[in-house]
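# Residue-level structural notes
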Amino acid sequence: MNATSPRVLLVYYTYTQQSRRVVEAMSEAFRERGCDVHQARIELTDPRYAERFSRFPLRHAFLDILGMLPAQLRGASGEISIPDAARVRDYDLVCIGSPTWWLKTSVPIRTFLKSDAAGVLLDRKRFAAFVVCRRYWSINLKAVKKLGAKKGGDYVDGIHFSFAGGQVRSLLSLLSYFGHGENRERYLGVRIPPTNLKPDFREQARAFANELADGLNSSRSDDSLPAALA
């Protein structure tokens, strides 16, 4: 890397490591395009919520997930740990990875986007978002866009990665995975598809990263032109 390499930060939260897998695929593509890539994983430290997520699989899958519903419905924030990489503002692009919890942006990512650190990071900076979810993604993605823009960021694009199966079977698959820590063929006697990211997620993630890199290069070229020519 050199001093002129575009600097990209991927900030995310993950419990099942699905968002991390997307981050790794995107980071690989960004590096191939000559970007200086950094990652920042947000940690949920709030004592009201953190204990249930301190192990995998969950101790009581249904009850532990259901227990997050009140916080999600009221749009609660919580205590989090923010890596140093996400406390500076010298990036050309910030990508935010946001899992969906009960239709909405998860507590840790929502908390981060409301923090002073996000204000420093995103002020007058380009940002993008990706959502990893079972079925519902639009409310989450819109919230990330709104919260990031409120901190002064310039939203450029977003993408979602949804799991296999319809409404009922995808929920059963996820509950089974949370409870057993592995994909199984049946749950409560019902045949279920594999949960988590679909096999083609890497290609989608890399393609998204390449589109963002194209936009970065275009923006940097425009910035280098005299005002009369830009």
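Residues numbered from 1 in each chain as written. Predicted model: local features only at pLDDT ≥ 70, side-chain atom pairs only at ≥ 80, totals over all residues. Heavy atoms only, no water.

When its secondary structure is counted, the protein shows 8 helices and 10 strands. For a compact globule of 230 residues, the expected C-alpha radius of gyration is about 17 Å, and the protein comes in at 18 Å, within 12% of that figure. Put simply, the protein has 230 residues, and 46% of those count as buried. Counting only contacts in the protein whose residues sit at least 6 apart along the sequence, the fraction spanning at least 24 positions is 80%. Of the roughly 11,300 Å² of accessible surface on the protein, 52% is carried by carbon and sulfur atoms. For the protein, the distance from the average site of its 34 positive side-chain charges to the average site of its 24 negative ones is 8 Å. (Helix = DSSP H or I, 4+ residues; strand = E, 2+ residues; numbered from the N terminus. Rg over C-alpha atoms; globule rule 2.2 N^0.38 Å. Buried < 20%, exposed > 50% of the residue type's maximum accessible area, 1.4 Å probe, protein only. Contact = heavy atoms within 4.5 Å. Areas by Shrake-Rupley, 256 points an atom, 1.4 Å probe, with all protein chains shown as cover. Lys, Arg positive; Asp, Glu negative; His and termini not counted. Charge placed at Lys NZ, Arg CZ, Asp CG, Glu CD.)

Turning next to the pairing of strand E7 (residues 126-133). Counting buried residues in E7 gives 7 out of 8 residues, a clear majority hidden from the surface. Sheet topology note: the strand E5 (residues 93-101)/E7 ladder contains 7 bridges and is parallel. Along E7, the bridge assignment pairs isoleucine 96 with alanine 129. Of the pairings in the sheet, the one linking E7 to strand E8 (residues 154-162) comprises 8 bridges and is parallel in character. Note on E8: the bridge partner recorded for phenylalanine 127 is tyrosine 155. Taken together, E7, helix H6 (residues 138-150) and E8 constitute a β-α-β crossover, and its handedness is right-handed. (Pairing = 2+ DSSP bridges. Right-handed = clockwise from strand over helix to strand, strands pointing away.)

Taken as a whole and assessed by the stated rule, the structure comprises 8 aromatic pairs. When the centroid spacing of 5.2 Å and the interplanar angle of 65 degrees are considered together, the rings of tyrosine 15 and phenylalanine 53 count as edge-to-face. Taken together, the residues tyrosine 15 in the loop between strand E1 (7-12) and helix H1 (18-32) and phenylalanine 53 in the loop between strand E3 (43-44) and helix H2 (61-66) connect sequence positions 38 residues apart. There is no split in this pair, since tyrosine 15 and phenylalanine 53 are both buried. The interplanar angle of 65 degrees and the centroid separation of 5.4 Å between the aromatic rings of phenylalanine 127 and tyrosine 155 together place this pair among those described as edge-to-face. On the criterion of sequence distance, the pair formed by phenylalanine 127 in strand E7 and tyrosine 155 in strand E8 is long-range, its members being 28 residues apart. Judged by relative accessible area, which is 0%, phenylalanine 127 ranks as buried. Connected via pairs of aromatic rings, a cluster forms that spans Tyr13, Tyr15, Phe53, Phe56, Trp101, Tyr177 and Phe178. (Phe/Tyr/Trp six-rings, centres within 6.5 Å; stacked < 30°, edge-to-face > 60°.)

Of the residues in the protein, 93% reach a pLDDT of 70 or more, and the chain-wide mean stands at 91. Taken as a whole, residues 225-230 scores under 50 in pLDDT and shows 2 contacts with residues more than four places along the chain or in a different chain. (pLDDT = per-residue confidence, 0-100.)

So, on to helix H7 (residues 167-180). Here H7 is 14 residues long and its end C-alpha atoms lie 20 Å apart, about the 20 Å a rise of 1.5 Å per residue gives. Of all the positions in H7, only Ser170, Leu172, Ser173, Leu174, Leu175, Ser176, Tyr177 and Phe178 are classed as buried. Those residues of H7 that are buried lie in contact with H2, strand E9 (186-187) and strand E10 (190-191). Within two residues after H7, glycine 181 carries a phi angle of roughly 80 degrees, on the positive side. (Expected span 1.5 Å × (residues − 1).)

Here we take up the nonpolar core. Core analysis: the biggest nonpolar cluster contains 65 residues, and Val22, Met26, Phe30, Val94, Ile96 and Phe112 have the highest contact counts within it. Beyond its immediate chain neighbours, meaning those up to four positions away, valine 22 contacts Phe130, Val132, Phe161, Leu197, Phe201 and Ala205. (Core = buried A, V, L, I, M, F, W, Y, C linked by side-chain atoms within 4.5 Å.)

All told, the structure shown has 12 salt bridges when counted by the stated rule. For arginine 33, the salt bridge is made with aspartate 214, and the minimal N-O distance between the two is 2.7 Å. One end of the pair, arginine 33, is in the loop between H1 and strand E2 (36-41); the other, aspartate 214, is in helix H8 (residues 201-224), and 181 residues separate them in sequence. Among the residues examined, arginine 33 registers a relative accessible area of 30% and is labelled partly exposed. Connected via shared salt-bridge partners are Glu28, Glu32, Arg202 and Arg206. (Salt bridge = Lys/Arg side-chain N within 4 Å of Asp/Glu carboxyl O.)

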